[in-house]
Amino acid sequence: MNRSPTSLVDTVGAGAAAPAACADRGVAGSIFNIQRYSIHDGPGIRTTVFFKKCRLRCLWCQNPESQQEQPELFFNAEKCIGCGRCEKVCPEGAITLRDGRSWTDRARCTGAGACVEVCPQGARSLMGRVASVDDIFQEVSEDAIFYQESGGGVTLSGGDPLAQPEFALAILKRCKEAGYHTTLDTCGFASWHAVETIMPYVDLVLYDFKHMDPDKHKQYTGFSNEPILRNAKGIHHELKVPMRARYAVIPGYNDGVENATALADFIANELDRSIPVDLLPFHKYGGAKYQRLERVDELADTSPPSEAALTALRDIFLSRGLTAKVGG
Amino acid sequence: MNEMSAIDRLNDNEPAAPLQATPRLQRLLAKVNPKSYPICIEKARLVIESYRAHAGLPQITRKALAIAHFLDNRTIFIEDDELIVGNIASKPCGLEVGPHGPTWPEEDFTSLLQSGYEISSEDEAELRALDSYWLGKGRTFYERMGRVYDDERIWPFIQSGIMLPPWAKKDEGRGHGITDFGWGLTLGYSLIVVDFEKVLRHGTKAIIAAAEEELRNLRFLQPGGLEKAEFLQAVIIAHQALIRIANRFAKLALDMAGREQDPARRAELEEIATICAHVPEHPARTFREALQSFWFTWLMIASGTAAGGRFDQFMYPYYKADLEAGRINPAQAAELLAMLRLKVMHSNGVAGGKTQRDKWSGMAKWHNWIIGGVTRDGKDATNDLSYLILDAAKLCPTPHHTITLRVHDGTPQDLMIKALEVVKLGIGLPAFVNDQSYIDYFTGEGASVEDARDYAIGGCLDGQLPGKSRTNAMGMFVVPLVFLMTMNNGFDSRTQKQLGPKTGAFEDFATFEDFFAAFKTQLRHFMELAAEEHNILLQAQADFFADPIHSSLMEGAIEVGRDALARAMPFENGAILNPVGMINVADSMAAVKKLVFEEKKVSKSALRQALAANWGGFEDMQKLFYDAPKYGNGDAFVDGIANTLYTFWSDTARTFTSIYGGAMKVAGISITSYGPAGSLTGATPDGRFAGENLADGSMSAEQGRDLKGPTALIRSAMTIDQRGFQATLFNMKFHPTAMTSKDDLGKVAALIRTYFRHGGKHVQFNVVNRDMLLDAQKNPERHRNLIVRVAGYSAYFVQLNAKIQADIIGRTEQHFAGA
Ligand code: SF4
Ligand code: SF4
């Protein structure tokens, strides 16, 4: 962990090239939503900034619109009346009309959004926009009075904020200067250097554990969990940032007793029993998003876990002396 | 929903030993939501009989005699399981009709029967015969009002619908069909909180004694002596009648005890007999007696807006004494309080004709019990009863009586959480009000800070000082109609008349400021007419609705010796000017300013054409106006316009004087009139179609136009200076997912506290999910118990009219990531 790269984005996995700017006020990045009165992402009333871009590709991703850095087209076929206005304006010629609705060739779509402007039905929208740190800080500051009253603050989520580390760092710094509580929701797939640089500005980490078996992890997300587990230990032991463990329970993928036991053991033994665990049951809300991105939902046939299954899984954590609850 | 509650259970969010409704309570609960409601005519029969017998006497005397005749002869019964006794109508859950005016015309009556009421054919025939007492005899206060409505000024205004609802005929007012309930003869449309302690602490015998003493000392050497004597006699007659009916209940309970086989129930009946022989005549000695005394008193002042006052405050000494003496435990107290809820549930009133019923959708009743807040010396007033009243609502999740929690900086978080646990049940209560804002209102109008701290709520949300104030004229003034008339140079396109002054053609306004000034001129013109209407209404009510019971429970009643409607009150707020749809005007103004005057994207004449065509053929233009900045998103531009409008309203209202001498005051509550008001209002530049609902409440956004979540909506509302308003109304609708855990409730509490710390006055929540509501529309049978908060009151969703149902569904549902 003694590396000293100049950029915060580097060699974990196949890291993309870093944005050149250093962590400063002028930094901009890609986000897809700013959610106010976000109440399940840390203490108090919060504003959550959803970052675009994630290095992992979990099969069950419930925010698929967050994975890429570029804006992506959301298309709601139910609203489309086939008027053809979008077809006329698309500079890439990506749109055709068939069966009374429009079809977009995703390979040609650049996500520039000319079609969005002209659609009278609101059938087309863009997920993602570039925003400056100033813009974001201004937007999250509008709710500062609510943070004060509730002990809340700002949460960075995504995607994975650590996939745009300079941007994340700059926002976190501004928030800390203003005295807001900061929470970082991450899957931990980043260089130690990035982690180490950012964590001093983080009051609470929500840390997502996908799977404990390195091979399965690679199979389901595209990468091994090795750096993720190593970073978790570093954040807890070296950087001493308060943490909550998050375990998205995906039936058929990571809900086996073996995996849950391994996770419970890891948290209890390699991290600390004081770290609370949130079991987040898989839900079906992501399905519609795949449709709107016109992508295949790998988990279309998967159902949310049963109450009994969740109780059994929760009890595994309780039996290790951990605090665990269902729901964020 | 199921998933939610399962997760709730998993996390043990419910208290270890949740309160359980006893079997007795469950049986009583089952009785208050019958499939159909009986229409009762006993009260009309007895009251009219007495009126006929005493036709020549002064009104206050006739009222007292009618009350006495009614109480002495009415049907009384004690139901199985009851501990608090005193039936409201002659049949359980019955609707008493006709004691104040003629009942409905045929078509209206049929629609009432279709909406779940029933009556025997003999009763119906008798009722029709009773109507002849009223019809065409000049005996209703509407007729009195209509006679002075001149054809030049006031009558066209009344027909315009600016004041809801528009009258069709001068002698029919808002439509026939006045119903009534309870044991007294009401005080018109009062928003009033009487001083219950006068009865609880001293007994009605003290009131009678004081009146007798005053009569003995009265010398007819000054003006008003005769009226005073008549008033005092009326007080004595009415209170003596109240004592007699309490004694009838005592006797009935004793008779029933004699026949009762079950020894436990026999003992209960004997206790009821003892209590009813003692109260309300004498001071209450125990919590049970205080409750019974309260209930008898409440029955005497009952109306659709009869308040429960600061119930946790004046009842607490009795509870505390019982608790300390080991006579009661908290569970027993909660059960009694739940039984009181059920007694209130038996009150049944629909107002007026069909239009009026639309306006007060869903059997609107505002029986407001106040808890919490500060004491007269400024300390936190929370006590055990504040919590137990909420527990009772959990035990007995009915829409009535409603509860309002007064919140101040020192309100315990536990009380906030308990209140939100009740909100979470989805019965739409309690509402939350900001002590500071209400207290500022009263002190700003000259009340002492001690009196101001003692405020309670009359009706939906109107602040009243118990025993010291009353509001009797408070119309629903449809502001967007005036906006549209301003665009049409004072011409009303609905009634096709020049109603307002000619303030200039829209096309001729050079600047937005000129247009805005013209609007103010028009608004002032119509507000003045509304003020006149209010004064006529006040005078007509004063003459028709004199009431010895209400009046005797107000401060200084005996010494002054005048009916509460015939004198100024210590705090004078008799008339209130109350705008509906102000937010639509703010949004319309913002859009016109931006698109027409500043960016000049749309010409003035094109906008007028588009509005006249209800946007037909102007869809692109409508989208522009729809997408213009809207109140409710924390946008300083449009929020600022809203604040300017409300401030202008408030300043202007205060330039008018009521018949009692005080300046008129303001409130901002629309109840459900935003539906009928919308029906009258043509297309508006906020992108709204003609006929669509207006924005609800007064601080709420137009439905579906607040897109940035609850904090942005609240930030908009807090830019409006609400202190000068007697009430404002702010609805938020929450999906149950936002209120799952205790932690979530803590966050909602923080939301409320932030709003209040920054000037908010009131907030209330609907917690239901959309699917549930849609299903309820389709299958009302399955959802008879589904309760939603409409405005200042909660109602069974399936009893609301379709328009209001659609609105409830459409109101922005706050949606949350990560839920
Ligand atoms: S880490 Fe989360 S956001 Fe990224 S791909 Fe996986 S599930 Fe989606
Ligand atoms: S513009 Fe919109 S409605 Fe028209 S075809 Fe394209 S997507 Fe469909």
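Residues numbered from 1 in each chain as written. Chains lettered and ligands numbered in written order. Predicted model: local features only at pLDDT ≥ 70, side-chain atom pairs only at ≥ 80, totals over all residues. Heavy atoms only, no water.

With that settled, consider the overall build of chain B. Helix and strand counts for chain B come out as 33 helices and 23 strands. For a compact globule of 819 residues, the expected C-alpha radius of gyration is about 28 Å, and chain B comes in at 26 Å, within 12% of that figure. On the principal axes, the C-alpha backbone points of chain B span a range of 85 × 70 × 55 Å. In chain B, the proportion of contacts linking residues at least 24 apart, taken out of those at least 6 apart, comes to 77%. (Helix = DSSP H or I, 4+ residues; strand = E, 2+ residues; numbered from the N terminus. Rg over C-alpha atoms; globule rule 2.2 N^0.38 Å. Contact = heavy atoms within 4.5 Å.)

Let's shift gears to the overall build of chain A. A count of helices and strands for chain A gives eleven helices and 13 strands. Relative to the globule expectation of 20 Å for 328 residues, the C-alpha radius of gyration of chain A, 20 Å, shows essentially globular dimensions. Along the first, second and third principal axes, the C-alpha set of chain A runs to 60 × 45 × 40 Å. Within chain A, buried positions represent 53% of all 328 residues. Expressed as a percentage of contacts within chain A between residues at least 6 apart in sequence, the contacts between residues at least 24 apart total 71%. Taken as a whole, chain A presents about 13700 Å² of accessible surface, with 50% of it coming from carbon and sulfur. Where the 36 positive side-chain charges of chain A centre and where its 41 negative ones centre are 2 Å apart. (Buried < 20%, exposed > 50% of the residue type's maximum accessible area, 1.4 Å probe, protein only. Areas by Shrake-Rupley, 256 points an atom, 1.4 Å probe, with all protein chains shown as cover. Lys, Arg positive; Asp, Glu negative; His and termini not counted. Charge placed at Lys NZ, Arg CZ, Asp CG, Glu CD.)

Turning our eyes to something else, we now look at the domain arrangement of chain A. How big an interface is tends to be reported as the loss of accessible area on association of its parts. Residues and elements named next belong to chain A. The assigned domain composition of chain A is domain 1 (20–69 + 129–326) and domain 2 (78–127). A C-alpha centroid distance of 33 Å is found between domain 1 and domain 2. If you look at the interface, domain 1 gives six residues, while domain 2 gives four residues. Of the roughly 500 Å² buried between domain 1 and domain 2, counting both surfaces, carbon and sulfur atoms make up 40%. Residue Glu294 pairs with Arg106 through a salt bridge whose shortest N-O separation is 2.9 Å. Counting across the interface, domain 1 meets domain 2 through five residue pairs in polar contact (both at pLDDT 80 or more). Looking at the side of domain 1 that touches domain 2, its residues break down into two nonpolar, no polar and four charged. (Domains from an automatic or database assignment. Buried area = accessible area lost by both parts, 1.4 Å probe. Salt bridge = Lys/Arg side-chain N within 4 Å of Asp/Glu carboxyl O. Polar contact = N/O pair within 3.5 Å; in protein donor to acceptor, adjacent residues only side chain to side chain. Nonpolar A, V, L, I, M, F, W, Y, C, P; charged D, E, K, R; others polar.)

Caution is warranted with low-pLDDT regions, since their predicted coordinates should not be read in detail. Residue and element names in this part refer to chain B. On average, residues of chain B score 90 in pLDDT, and 92% of them reach the 70 mark or higher. A low-confidence stretch, residues 1–16 (pLDDT under 50), is modelled with 26 contacts involving residues beyond four sequence positions or located in other chains. Segment residues 814–819: pLDDT under 50, and 19 contacts once partners within four positions in sequence are set aside and those in other chains are kept. Model confidence for the complex is summarised by a pTM of 0.89, with the ipTM given as 0.85. (pLDDT = per-residue confidence, 0-100.)

Residue and element names in this part refer to chain B. Following both chains from N to C, one finds helix α18 (residues 413–427) and helix α31 (residues 742–757) inclined at 105°, their axes separated by 9 Å at the closest point. With respect to their mutual orientation, α18 and α31 come out roughly perpendicular. Two secondary-structure elements touch here, α18 through Gln413, Met416, Ile417, Leu420, Glu421 and Lys424 and α31 through Lys742, Leu745, Gly746, Val748, Ala749, Ile752 and Arg753. Of the residues contributing to the contact of α18 with α31, the split by class is seven nonpolar, two polar and four charged. (Axes fitted to C-alpha atoms, helices over the stretch in contact; angles between N-to-C directions. Parallel < 35°, antiparallel > 145°, perpendicular 65-115°, else oblique.)

Here the focus is the sheet that holds strand β12 (residues 277–281) of chain A. All names here are of chain A. Read across the open sheet, the nine strands follow the order β7-β1-β2-β8-β9-β10-β11-β12-β13; overall the sheet is mixed. The open sheet has two edge strands, β7 (129–132) and β13 (324–326), and neither has a second partner. Averaged over all pairs of adjacent strands, the angle between strand axes in this sheet comes to 30°, irrespective of strand direction. Here strand β1 (residues 28–38) runs beside strand β2 (residues 46–51); their pairing, made up of five bridges, is antiparallel. For Ser38, the partnering residue across the bridge sits in β2 and is Arg46. Against the sheet, helix α3 (residues 133–141) contacts β1, β2, β7 and β8 (153–157), and its axis sits at roughly 80° relative to β7. (Pairing = 2+ DSSP bridges.)

All names here are of chain A. Burial runs high along strand β10 (residues 204–208): five of the five residues are buried. Along β10, one buried face is formed by Leu204, Leu206 and Asp208 and the opposite face, lined by Val205 and Tyr207, is buried too. Two elements, strand β9 (residues 181–186) and β10, share four bridges in a ladder whose sense is parallel. Residue pairing in the sheet places Thr183 in a bridge with Leu204 of β10.

This part is about the environment of Leu415(B). Tracing the sequence through the fold places Leu415(B) in helix α18. Apart from residues no more than four positions distant in its own chain, Leu415(B) is found in contact with Thr382(B), Ser386(B), Tyr387(B), Leu390(B) and Leu405(B).

Every residue close to ligand 1 is listed here: Cys54(A), Leu56(A), Arg57(A), Cys58(A), Cys61(A), Ser66(A), Gln67(A), Gly159(A) and Lys210(A). Partitioned by chemical class, the residues of the shell around ligand 1 number four nonpolar, three polar and two charged. (Near = heavy atom within 4 Å.)

Opposite charge on two side chains makes pairing possible when the charged atoms of those side chains draw close. Residues and elements named next belong to chain B. Enumeration according to the criterion identifies 65 salt bridges over all chains in this entry. A salt bridge links Asp123 to Lys91; its shortest N-O distance comes to 3.8 Å. Here Lys91 lies in the loop between α4 (59–73) and β2 (95–96) and Asp123 lies in helix α6 (residues 121–134), a separation of 32 residues in the sequence. Residue class for Asp123 comes out buried when judged on its relative accessible area of 17%. Here Arg654 and Glu445 are joined by a salt bridge, their closest N and O atoms 2.4 Å apart. One end of the pair, Arg654, is in the loop between α28 (636–653) and β17 (665–668); the other, Glu445, is in the loop between α19 (435–444) and α20 (449–453), with 209 residues separating them in the sequence. Here Arg654 falls in the partly exposed class, since its relative accessible area comes to 25%.

On to the domain arrangement of chain B, then. Residue and element names in this part refer to chain B. Under the domain assignment, chain B is made up of domain 1 (38–139), domain 2 (152–176 + 472–724), domain 3 (181–200 + 286–467 + 726–818) and domain 4 (204–236 + 253–282). Inter-centroid distance (C-alpha atoms) of domain 1 to domain 2 is 36 Å. At the junction of the two partners, domain 1 supplies 14 residues and domain 2 supplies eight residues. Buried area between domain 1 and domain 2, summed over both chains or domains, comes out near 810 Å², and the portion from carbon and sulfur atoms is 68%. At five residues, the largest contribution of residues to the side of domain 1 that touches domain 2 is made by α4.

This part is about the nonpolar core. Formed by 270 residues in total, the largest nonpolar core has its most connected members in Phe287(B), Trp298(B), Phe432(B), Phe477(B) and Leu607(B). In this view, Trp298(B) contacts Phe181(B), Phe196(B), Ala306(B), Ala307(B), Gly308(B), Val344(B), His367(B) and Trp369(B); residues no more than four positions away in its chain are not counted. Residues Leu56(A), Leu162(A), Leu169(A) and Leu310(A) belong to the second largest nonpolar core, which totals 70 residues. (Core = buried A, V, L, I, M, F, W, Y, C linked by side-chain atoms within 4.5 Å.)

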